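As a plain string of letters, each chain reads:
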Amino acid sequence: MLRADVEVDRRDFTVRAAIEVAAGERLALFGPSGAGKTTLLEAIAGLVQPRAGLIELADRTLTRTTAPRVLVPAWQRRVGLLRQDPGLFPHLSVRDNLAYARSADPRGTELAEVARALEIGELLDAMPARLSGGQQHRTALARLLLARFDALLLDEPYSGLDAVLRRTLTALVVRLVTERAVPSVLVAHELADAQSFADRMAVLDQGEILQVGEPDQVVLRPCSARVAELVGYLGFAPVPGRPGVLAGVHPERIAAGAAPERGLVLTGRVAGSRPAGAAWEADLLLPDSGQDGALSQQAVRGRDGRPGLAATVTCRLADRPGADGDTMTVTVLDPPCFSQDGDAVDGHVREGSRP
Amino acid sequence: MSWAASPAAAAGGAVREPPGQPGRRGRASAGPRAVRSVSGILSVVGALVIWLILLGPVITLFTHLSGSSIASSLTAPGALQPLVTSLESGGVTLAVLFFFCTPLAWMLARGTLPFPRIWEAGVLCSLLLPPLVIGLLLVFMVGPYTAFGGLIAHLNLSATNTFLALVIAEVYESAPYYVLGAQAAFASVDPRLEQQAALLGDRPRRVFRRVTLPLASPGLAMALAVAWARAMGAFGAVIVIAYHPYGLPLQIWTTLQETGLASALPFALVLLVVALPLPLAAYVWSARAQSRRRG
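### Section: a nonpolar patch on the surface
Residues and elements named next belong to chain B.
Next up, step 1: A cluster of nonpolar side chains, namely I41, V45, V49 and I53, defines an oily patch on the protein surface of about 350 Å² accessible area.
Next up, step 2: Along the chain, the position of V49 falls in helix α3 (residues 38-63).
Next up, step 3: Look at V49 and you get partly exposed, because its relative accessible area is 42%.

Spelled out as structure tokens, the structure:
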């Protein structure tokens, strides 16, 4: 069990966050760049000192700022950290890198075993500069495994790699974390990375945790308009019959055609379309809504945590949309609803439609 | 002070390389490409001319030396004593620099000192002072009628015209070169590697020994080599505060004054032979260390 409840001062703001990760559990810290995710990891690793807080790992107290004060130095924490830069020692061979930790098995039987399991057994005598990116990351991972850590922290380690390699390595880490039953925390600013790794996700913004939950819950039912924006909702549309309530529109949660029993039906004109992956992305220009008077021709981004109304809605569609200017009707599938202040509102939007 | 930055640049650059593209390929193909066009040939010729002009003094030295003149100069009674003096004082100077200035360079590189700019300005200031001025000021600082002079007089020591004075003058002339070089060497070590070593269970002193020092050592060696060359050639401060005991530069100076150019030249060769091997060795060693890292 890893428990951290800390306040860390940064130049621009203070990170105030509390997380709890059980042994073998995988938590993803998701948020935009500069949200304080890495700061939180570094506080757990002992690389930065929190102004206030408590960090506990298994039955050890790593940091406590109230009496009796505790600050276990980084080299006694047994916390593994993987970053985007694998951090291999360039003057040591792969073998010496793997055996770097004092706690690594001196006889090398475990070393050979782990190296074989991570498919770097052939490279033990090579220098790190000779390895490919994937091999370097495997070596860094193997080095951590041999060092016997009690918690694993991952700071977007694979974000620079291609998709296939990223998936392979992520799957490898998931397997190893589960096998060793250590708590692990992944920092990600790509939603897909967070989802493919974690069984719980925390959304962090401006140093504060806005929501914690299962990845799909966070994405489908964001607790505020700000979280919705962070997880990919590109706009908000008023819900007919419920004044003051706005539905979040996620481009990937849209089906072509009117299906009022499945969600919010929107009708408008195609303002542009382009291929997106194997599907199509279309901009749907919504007509000025007379009754609400809130829709303008300009897309309004949410400010101060309040949802802004969108004049155009971006949708992902399996079929190619019509030409620009054509009328198109889509259904926003079971959208989350928010009040004008940006708080989530209960209830589903179904069987409602907008003219 | 760019020599010390190169090891990390080479190591760091290689990390981001795509697989199967060794770091040397780009550099190897640059040579032939430069020779292929007219402007390329012109630039190579230009570079060669500048290189030869820079090497001019060394070439001249060898064209003006004859075996007999070397032999007669070096076999004169007492001719080799200045060489011994220079080697001894240079060795002591290097030891002093290494033990006292390495920590300073490390702290400068890591920015652990308050007001880092002021510290750096101080080091730069001593670099910019003309050696002759350093010598003059040293007399007022450590001469016989100063507090320091009085203090060491109790130990029957003196800091004017002694071996101690020679070492002090050489330290002052070479220290800024070493500090700045060593600072660049330490700055080239990625602090994240040190963090990684700490997270793998090493306390700071072990991290320094196992990661920082090996990674900075090519740059440190170069800085020491430059400091050695400065110490061997130290003249300005030395002539003011340590005219005796003679080191090599002073021997060249007095020979020049007393018997003329021709008899001073062999000692210039001796000075070169003594001063150059360490920098060259350091250069070769750091180049080999870097190529070993490339695998």
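### Things to note about the interface of chain B and chain A
Next up, step 1: With 28 residues of chain B at the contact, the number on the chain A side is 26 residues.
Next up, step 2: The contact between chain B and chain A buries some 2,800 Å² in all, and 57% of this surface belongs to carbon and sulfur atoms.
Next up, step 3: Summed over the three residues of chain B that lose the most area to chain A, namely Q196(B), L199(B) and L200(B), the buried surface amounts to 25% of that side.
Next up, step 4: Counting across the chain B and chain A interface gives 0 salt bridges.
Next up, step 5: Taken together, the links from chain B to chain A amount to 6 residue pairs in polar contact (both at pLDDT 80 or more).
Next up, step 6: Contributing elements (two or more residues each) for the side of chain B that touches chain A: α1 (6-15), α10 (191-199), α11 (204-233) and α15 (277-293) of chain B.
Next up, step 7: Per-element tally for the side of chain B that touches chain A: the top contributor is α10(B), with 7 residues.
Next up, step 8: Counted by class, the side of chain B that touches chain A contains 14 nonpolar, 4 polar and 10 charged residues.

### Regarding the sheet that holds strand β20 (residues 344-345) of chain A
All names here are of chain A.
Next up, step 1: The strand order across the open sheet built from 4 strands is β12-β13-β19-β20, with neighbouring strands paired in antiparallel fashion. Across the chains shown, the open sheet's two edge strands, defined by having one partner strand only, are β12 (235-238) and β20.
Next up, step 2: Here β12 pairs with strand β13 (residues 246-249) via 4 bridges, running antiparallel. In the strand pairing of β13, G235 is matched with V249.

### Focus: the nonpolar core
Residues and elements named next belong to chain A.
Next up, step 1: The biggest cluster of nonpolar side chains holds 127 residues, and the ones touching the most others in it are L98, L118, V185, M201 and V231.
Next up, step 2: Residues within four places of V231 in sequence aside, it is in contact with F30, L191, M201, V218, V219 and H250.
Next up, step 3: Counting residues in hydrophobic clusters, the runner-up holds 20 residues, among them V245, V270, A282 and L286.

### Some details on the side chain of T65(A)
All names here are of chain A.
Next up, step 1: Mapping T65 onto the fold places it in the loop between β5 (60-64) and β6 (70-71).
Next up, step 2: For T65, a relative accessible area of 18% corresponds to the buried category.
Next up, step 3: A polar side-chain atom of T65 sits 2.8 Å from the main-chain amide nitrogen of G53.
Next up, step 4: Setting aside chain neighbours within four positions, we find T65 in contact with P50, R51, A52 and G53.

### Some remarks on the packing of aromatic side chains
Next up, step 1: This model, assessed by the stated rule, comprises 7 aromatic pairs over all chains.
Next up, step 2: Considering the side-chain rings of F98(B) and F99(B), the 5.6 Å spacing of their centres and the 85° angle between planes classify their relative orientation as edge-to-face.
Next up, step 3: For F99(B), a relative accessible area of 61% gives the class exposed.
Next up, step 4: Put simply, the rings of W106(B), F186(B) and F208(B) touch in pairs and so form one group of aromatic residues.
Next up, step 5: If you follow R143(A) out to its NZ or CZ, it ends over the ring of F89(A), 4.8 Å from the centre.
Next up, step 6: A cation over a ring is seen here: R210(B) above Y100(A), with NZ or CZ 3.8 Å from the ring centre.

### Notes on the pattern of salt bridges
Residue and element names in this part refer to chain A.
Next up, step 1: Inspection of every chain in the model, using the stated rule, returns 26 salt bridges over all chains.
Next up, step 2: A salt bridge links R3 to E56; the nearest nitrogen and oxygen atoms lie 2.9 Å apart. Here R3, found in strand β1 (residues 2-9), pairs with E56, found in strand β4 (residues 52-57); they are 53 residues apart in sequence, far enough to count as distant.
Next up, step 3: Assessed through its relative accessible area of 21%, E56 is described here as partly exposed.
Next up, step 4: The salt bridge partner of R83 is E42, with a shortest N-O separation of 3.1 Å. Taken together, the residues R83 in strand β7 (residues 79-83) and E42 in helix α1 (residues 37-45) connect sequence positions 41 residues apart. With respect to class, R83 is no different from E42; both count as buried.
Next up, step 5: Overlapping salt bridges bring together E252, R274, E281, D283 and R316 as one network.

### Considering the side chain of T314(A)
Residue and element names in this part refer to chain A.
Next up, step 1: Here T314 is to be found in strand β17 (residues 312-317).
Next up, step 2: For T314, a relative accessible area of 17% gives the class buried.
Next up, step 3: Within the local environment of T314, its side chain forms a polar contact with the side chain of D283, the two groups lying 3.4 Å apart.
Next up, step 4: Ignoring sequence-local partners within four residues, the contact set of T314 consists of L234, P251, I254, E281, A282 and D283.

### Some details on the pairing of strand β9 (residues 184-188) of chain A
All names here are of chain A.
Next up, step 1: The buried count for β9 comes to 5 of 5 residues, which makes it a mostly enclosed element.
Next up, step 2: Side chains of β9 alternate between two faces, with S184, L186 and A188 and V185 and V187 buried alike.
Next up, step 3: As judged from the 5 bridges shared by strand β3 (residues 26-30) and β9, these two strands associate in the parallel manner. Looking across to β9, one finds that L27 is bridged to V185.
Next up, step 4: Direction of pairing for strand β8 (residues 151-155) relative to β9: parallel, over a ladder of 4 bridges.

### Some remarks on α10(B)
Residue and element names in this part refer to chain B.
Next up, step 1: Those residues of α10 lying buried are L193, E194, Q196, A197, A198 and L199.
Next up, step 2: Backbone nitrogen of R192 and a side-chain oxygen of the N-cap are separated by 3.0 Å at the start of α10; the cap is D190.
Next up, step 3: Backbone geometry just downstream of α10 places G201 in the positive-phi region, at approximately 110°.

### Side note on the environment of A227(B)
All names here are of chain B.
Next up, step 1: Tracing the backbone shows A227 in helix α11.
Next up, step 2: Residues A227 and E173, spaced 54 residues apart in sequence, show a C-alpha to C-alpha distance of 8.5 Å.
Next up, step 3: In this structure A227 touches L94, L97, S174 and Y178, once residues within four positions along its chain are discounted.

Thresholds applied
- Residues numbered from 1 in each chain as written.
- Chains lettered and ligands numbered in written order.
- Predicted model: local features only at pLDDT ≥ 70, side-chain atom pairs only at ≥ 80, totals over all residues.
- Heavy atoms only, no water.
- Patch = residues over 30% accessible without salt bridge, like charges linked within 9 Å, V, L, I, M, F, W, Y side chains within 5 Å.
- Areas by Shrake-Rupley, 256 points an atom, 1.4 Å probe, with all protein chains shown as cover.
- Salt bridge = Lys/Arg side-chain N within 4 Å of Asp/Glu carboxyl O.
- Helix = DSSP H or I, 4+ residues; strand = E, 2+ residues; numbered from the N terminus.
- Buried < 20%, exposed > 50% of the residue type's maximum accessible area, 1.4 Å probe, protein only.
- Contact = heavy atoms within 4.5 Å.
- Buried area = accessible area lost by both parts, 1.4 Å probe.
- Polar contact = N/O pair within 3.5 Å; in protein donor to acceptor, adjacent residues only side chain to side chain.
- Nonpolar A, V, L, I, M, F, W, Y, C, P; charged D, E, K, R; others polar.
- Pairing = 2+ DSSP bridges.
- Core = buried A, V, L, I, M, F, W, Y, C linked by side-chain atoms within 4.5 Å.
- Phe/Tyr/Trp six-rings, centres within 6.5 Å; stacked < 30°, edge-to-face > 60°.
- Lys NZ or Arg CZ within 6 Å of the ring centre and 35° of its normal.

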